[in-house]
Amino acid sequence: MLPRTFTINAHRSHPRRRAGFALLAWLASGAAFAGGVQTVAGMPPVTNPANLYGDAGVNMLSPAVAGALARIYVPNLRSDSVSVIDPVTFKVVDTFKVGRSPQHVVPAYDLRTLWVTNNAEDRPDGSLTPIDPTTGKPGQAVAVDDPYNMYFSPDGKHAIVVAEEDARLDFRDPHTMALQFRLPVPGCKGINHADFSIDGRYAIFTCEFGGKLAKIDMAAHKVLGYLPLKHRGMPQDIRVSPDGKVFYVADMMADGVYLIDGDSFTKIGFIATGIGTHGLYPSRDGTRLYVANRGTHKIHGPRKGKGSVSVIDFATRQVVATWPIPHGGSPDMGNVSADGRMLWLSGRFDDVVYAIDTTTGKVRKIKVGMEPHGLTVWPQPGRYSLGHTGIMR
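Residues numbered from 1 in each chain as written. Predicted model: local features only at pLDDT ≥ 70, side-chain atom pairs only at ≥ 80, totals over all residues. Heavy atoms only, no water.

**Student:** Sorry, what's going on with the sheet that holds strand 29 (residues 352–357) here?
**Tutor:** Note on sheets: strands pair through backbone hydrogen bonds, and any given pair is parallel or antiparallel. With antiparallel pairing, four strands are arranged side by side in an open sheet as 27-28-29-30. In this open sheet, the two strands that pair with only one neighbour each are strand 27 (331–336) and strand 30 (363–367). The sheet shows a mean angle of 25° between the axes of neighbouring strands, taken without regard to direction. Sheet analysis places strand 28 (residues 342–347) next to strand 29, joined by six bridges and oriented antiparallel. Within strand 29, the residue paired with L343 across the bridge is I356. (Pairing = 2+ DSSP bridges. Helix = DSSP H or I, 4+ residues; strand = E, 2+ residues; numbered from the N terminus. Axes fitted to C-alpha atoms, helices over the stretch in contact; angles between N-to-C directions.)

Quick look at the structure:
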């Protein structure tokens, strides 16, 4: 607070004073500034601008997850259920029913709840099922329109339900899921996956059935523009580089990853990976990106396809390893264990989960329900979650 005797003349004050006033105003806005990154108001500071995943490193668990069971939660799209795997024994220890067509298991911003997004696929009875990670048990479902996926605003004030069929983002209370407001994104057919800029100013969403990307202003809550990728492309998951400068976009028709300059919203490169490029997950040390190649270009693919995992080195932007799924498979979505040693992925068309050793590429398979999709590993390191299967920062 300024001293009561201090007066301000905006037209005649010294340049240094004007700069000081601007700084005071910025501080009053609640914006965070650390490590050279000015974030949006309410967002936790970026402690290392060279690695925005630096607070989600090996076993860097928040006190908020202290009581959480070590489990893998697998939504089975065609079984309307969630399979629960013990990552120590590699066995299913529980299975429970949820709403219709569960797509993803999403860690809440505050890390205290896991949400199952049951989007009901063309029906009006979509819902979100909360899971208590301290017991591994579901709670009472909340009715929500078309929740294909879900994210959280960088300041934690909003849950962002991705209403894929309606090309819309529904901003909701992050605890009760009461509707706050809606943002239509009419140029983004099949809106589904997203990631956020290092400072939280914007998000980029993929438009699966439109072959393009949509850039969203997270402060003004408006569409900033669209970026076409390729004719008949089908972009899937998206993940920002550790330094926040480049967004990696998986395209299952292009069989690789597009590189996007987020600030200028332009294509700057492409990395070929494998057939049906789909899910993207950074290593716990932030040096590599694991790319799940689903092994098919079909939305409903065959069993035992040419599925694989590619490993991209963030520094060189080169594929440094490729791990085929033995006897074929369909690796889709998941995440990395807290210690970084295991990559867990759903086998979408093979009704299994893959546990892949991140050192050797060796694969273990666990039988689950019908058409497993966006599984999550819990607990995961990090201060807060931006959604999906665990975008941890």
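**Student:** Where do I start with the nonpolar core in this structure?
**Tutor:** When a protein is soluble and globular, its nonpolar side chains tend to lie buried together. The biggest cluster of nonpolar side chains holds 51 residues, and the ones touching the most others in it are M150, L169, F205 and I260. The dominant element in this core, judged by the number of residues it contributes, is strand 16 (residues 202–207), at five residues. Leaving out residues up to four positions away in the same chain, L169 has contacts with I160, V161, V162, F181, R182, L183, V185, I191, F205 and I216. Core analysis: the next-biggest nonpolar cluster, separate from the first, contains 16 residues, Y73, V84, V98 and V116 among them. (Core = buried A, V, L, I, M, F, W, Y, C linked by side-chain atoms within 4.5 Å. Buried < 20%, exposed > 50% of the residue type's maximum accessible area, 1.4 Å probe, protein only. Contact = heavy atoms within 4.5 Å.)

**Student:** Help me understand the state of the cysteines in this model?
**Tutor:** A covalent bond between the sulfur atoms of two cysteines is referred to as a disulfide. Applying the stated rule across the entire model yields one disulfide. A sulfur-sulfur distance of 2.0 Å marks the disulfide that ties C188 to C207. Disulfide C188-C207: torsion about the S-S bond near -105°, hence left-handed. Within this pair, whereas C188 is found in the loop between strand 14 (179–184) and strand 15 (191–196), its partner C207 is found in strand 16, the two being separated by 19 residues in sequence. On the basis of relative accessible area, C188 is assigned to the buried category, the value being 0%. (Disulfide = S-S within 2.5 Å.)

**Student:** Would you mind going over the sheet that holds strand 25 (residues 308–313) with me for this structure?
**Tutor:** One open sheet accounts for four strands, arranged 23-24-25-26; its pairing is antiparallel. What marks the edges here is a single partner per strand, and that holds for strand 23 (277–282) and strand 26 (318–324). When strand polarity is set aside, the average angle formed by the axes of neighbouring strands in this sheet is 25°.

**Student:** What should I look at first to understand the pairing of strand 22 (residues 266–272) in this one?
**Tutor:** Walk down a regular strand and you will see the side chains alternate between the two sheet faces. With six bridges connecting them, strand 21 (residues 256–261) and strand 22 associate as antiparallel partners. Looking at the pairing, G256 lines up with A272 of strand 22. Linking strand 21 to strand 22, which pair antiparallel, is a turn of four residues; within it F265 sits at a positive phi near 55°.

**Student:** Is there a simple way to explain the environment of T376 in this structure?
**Tutor:** Its location among the elements puts T376 in strand 31 (residues 376–378). In sequence terms T376 and S330 are 46 residues apart; their C-alpha atoms lie 17 Å from each other. Dropping the residues within four chain positions of it, T376 is found in contact with R71, I72, Y73, V105, P107 and T389. A polar contact is formed between the side chain of T376 and the backbone oxygen of T389, at a distance of 2.7 Å. (Polar contact = N/O pair within 3.5 Å; in protein donor to acceptor, adjacent residues only side chain to side chain.)

**Student:** I'm lost on the pairing of strand 26 in this one. Help?
**Tutor:** Pairing between strand 25 and strand 26: six bridges, direction antiparallel. Each residue of the ladder has a partner; that of I312, found in strand 26, is V319.

**Student:** Quick question: what am I supposed to make of the side chain of D86 here?
**Tutor:** Note that D86 resides in strand 4 (residues 81–86). A distance of 2.8 Å separates the side chain of D86 from the backbone nitrogen of V88, its partner in a polar contact. Here D86 is in contact with A70, R71, K91 and V93, once residues within four sequence places are set aside.

**Student:** Mind showing me how you'd approach unusual backbone geometry here?
**Tutor:** Most peptide bonds adopt trans geometry, and most residues besides glycine take a negative phi value. Here the bond from W378 into P379 is cis, since omega is 0°, no more than 30 degrees from zero. Phi angles above zero are rare outside glycine, and L111 is one such case at about 70°. Considering the arrangement of structural elements, one finds L111 in the loop between strand 6 (102–107) and strand 7 (114–118). We classify L111 as buried; its relative accessible area is 1%. A positive phi is found at D351, a non-glycine position, where the angle reads about 55°. Checked against the element boundaries, D351 lands in the loop between strand 28 and strand 29. Take D351: its relative accessible area is 10%, and that puts it in the buried class.

**Student:** Explanation requested: the pattern of salt bridges in the structure shown.
**Tutor:** Opposite charge on two side chains allows them to pair when their charged atoms are near. Tallied over the full model, the rule gives 18 salt bridges. R168 is paired through a salt bridge with D166; the nearest N and O atoms lie 3.6 Å apart. Judged by its relative accessible area of 13%, R168 falls in the buried class. What emerges from the salt-bridge pattern is a single network uniting R78, E121, R294, D332, R348 and E371. (Salt bridge = Lys/Arg side-chain N within 4 Å of Asp/Glu carboxyl O.)

**Student:** Quick question: what am I supposed to make of the side chain of E371 here?
**Tutor:** Structurally, the position occupied by E371 is in the loop between strand 30 and strand 31. Within the structure, the side chain of E371 is placed 3.0 Å from the side chain of R78, a separation counted as a polar contact. Side chain to side chain, E371 and R348 meet in a polar contact 2.8 Å long. Beyond its immediate stretch of four places on either side in the chain, E371 contacts P75, N76, L77, R78, H300, R348, F349 and D351.

**Student:** Help me understand the packing of aromatic side chains in this model?
**Tutor:** Aromatic rings considered in pairs are described by the distance between their centres and by the relative angle of their planes. Scanning all chains against the criterion turns up nine aromatic pairs. Between Y248 and F314, the aromatic rings sit 5.3 Å apart at their centres with planes inclined by 85°, giving edge-to-face as the arrangement. Taken as a pair, Y248 in strand 20 (residues 246–251) and F314 in the loop between strand 25 and strand 26 lie far apart in primary sequence, 66 residues in all. Exposure remark for Y248: the relative accessible area of 1% places this residue in the buried category. (Phe/Tyr/Trp six-rings, centres within 6.5 Å; stacked < 30°, edge-to-face > 60°.)

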